[in-house]
Amino acid sequence: MDYLAKLEEELRDIPSDYIVFLETSSDKFIEVSLAAIKLLANRNDSGIIVSANRPYKNLIDFYKKNDIDVSKMFILDCISKNQINTYNGGNVVFLENVSALTDISVHLDERIKMMNGSKFLFFDSITTMLIHNEPHIFARFVHSVLTKMRLYGTGGLIISLEDRTNREVKAEIAQLCDKVIKI
Amino acid sequence: MTRVNCYSYDLIGKDNLKRTIVRRNYYKTFLNQFVKDHEDGSFVLLESPAESYFDANIQSVDYLLNEGFEGVYVSFQRPFDNVANTFIKQGIDLNKILIIDCATALISEKKKKDPRCVNIRSDTEIDELVEIIHRSLQQLSGCKKFVFVDSLSTIALYKSFSEVLKLPKSLLETLKDSNNENVSLFFNIAAELTKDALVESMSSYSNEFIHLGLCT
């Protein structure tokens, strides 16, 4: 199935500063996630990716292999720091871990303010982030980030795995978004 | 102001919810009923599905303003600009509404200066917020007034359960003490987040509890 076409269809008329909650199943997750990032990269001047699933290097290689322009992306890598030698610079910041919500928030805040033109934020994924965070604390973090995104006119996409994400947190986050899509 | 009405949107069926016309007609139907039944002010708990939550708010506010109400919209979910721009896009007259921007205060960001925006401090307690809502209501000139709180579940992210419950309770008491019992109160909650304890606690302010659903 062409997930990019499906996403384009779903998001055709929505403004670039909309925040979208995208739910998918584990068997489609990689393809849908890739389609989402392609769409966001095509539509925006720059973007921030909060990666809780793939380390920076793997993510960049994966995107390059799939013809995604990585020069406009900034990655917040929440998983590599304690596993390999890492240094911040270029288009990446290595954060302590997925539970470092304050650090993530501070870096997001800085980057969102620095970026000009149309910009997006991509969370990959809240399902993984929820494994490492208390649902209540995580929902508060998302509310704070989404409010900042709205204050700075940043659109975004939050991806979540169907059936594997805490129901109440999912509902809380979904109601904070402008559109909910299930693929 | 002695009723709690709980309208359950999720029973309408997910397929129908995706159809905007059906959804909007539903809002209008229930609000028509609401206005007929509760012209003297009421306490309404709105349960709406997370995926069409903000849409429900917009339609409710739009309808109330068209019915001659003026109101105070207490926004915990979204900052002033986002709410105001969405309202304007939907043709809602901002001159009839004041928006209390709690969302920006919750994250301690720079406040917006706008005559329709009421800013609060980030450390505002529930009692102070009630007083701010009350003062904002006094700025409105119409006879029919409402307060729309968006949403109790978002407040619950930052405040304890007892603090959350304090908001409707104190608001009711303040309005009663100031002889403003004709003000209608709306509290919106996403359906999946509705805690039985919260609904039960809020029903204690009422003589009657009504739970409505359209479909199975």
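Refer to the structure printed above.
Rules behind the numbers
- Residues numbered from 1 in each chain as written.
- Chains lettered and ligands numbered in written order.
- Predicted model: local features only at pLDDT ≥ 70, side-chain atom pairs only at ≥ 80, totals over all residues.
- Pairing = 2+ DSSP bridges.
- Helix = DSSP H or I, 4+ residues; strand = E, 2+ residues; numbered from the N terminus.
- Axes fitted to C-alpha atoms, helices over the stretch in contact; angles between N-to-C directions.
- Parallel < 35°, antiparallel > 145°, perpendicular 65-115°, else oblique.
- Contact = placed C-beta atoms within 7 Å.
- Nonpolar A, V, L, I, M, F, W, Y, C, P; charged D, E, K, R; others polar.
- Core = buried A, V, L, I, M, F, W, Y, C linked by C-beta atoms within 7 Å.
- Buried ≥ 20, exposed ≤ 12 C-beta atoms within 10 Å, placed from the backbone.

Visitor: Any chance you could explain the sheet that holds strand S7 (residues 179–182) of chain A here in plain terms?
Guide: Across a sheet, strands are paired by hydrogen bonds formed along the backbone, either parallel or antiparallel in direction. Residue and element names in this part refer to chain A. Spatially, seven strands are ordered S4-S3-S2-S5-S6-S1-S7 in an open sheet, and the strand pairing comes out parallel. Looking along the sheet, the strands with just one partner apiece sit at the ends: strand S4 (92–94) and S7. Ignoring strand direction, the axes of neighbouring strands in this sheet form an average angle of 15°.

Visitor: Looking at this structure, I do not really get the packing of helix H4 (residues 101–114) of chain A against helix H6 (residues 135–151) of chain A. What am I missing?
Guide: Between two packed helices, the angle of one axis relative to the other and the distance separating the axes together describe the packing. Residue and element names in this part refer to chain A. Packing of H4 against H6 brings their axes to within 11 Å, and their N-to-C directions diverge by 5°. With respect to H6, the axis of H4 lies roughly parallel. In contact with Leu101, Ser105, Leu108, Asp109 and Ile112 of H4, H6 contributes Ile137, Phe141, Ser144, Val145, Lys148 and Met149. A per-class count over the contact of H4 with H6 returns seven nonpolar, two polar and two charged.

Visitor: Looking at this structure, how should I read the environment of Glu162 of chain A?
Guide: Tracing the backbone shows Glu162 of chain A in the loop between strand S6 (155–161) and helix H7 (167–176). Separated by 137 residues in the primary sequence, Glu162 of chain A and Ser25 of chain A have C-alpha atoms spaced 5.3 Å apart.

Visitor: Would you explain the nonpolar core in this entry?
Guide: In summary, soluble globular proteins display a tendency toward joint burial of nonpolar side chains. Residues Ala36, Leu76, Phe122, Leu157, Ile158, Ile173 and Cys177 of chain A are the most contacted members of the largest nonpolar core, which totals 60 residues. Looking at which element gives the most residues to this core, the answer is helix H2 (residues 29–43) of chain A, with eight residues. Leaving out residues up to four positions away in the same chain, Leu76 of chain A has contacts with Ile48, Ile49, Val50, Ser51, Val93, Leu95, Ile104 and His107 of chain A. In terms of nonpolar packing, the next biggest core, distinct from the first, is built from 52 residues, Cys117, Val118, Leu129 and Phe148 of chain B among them.

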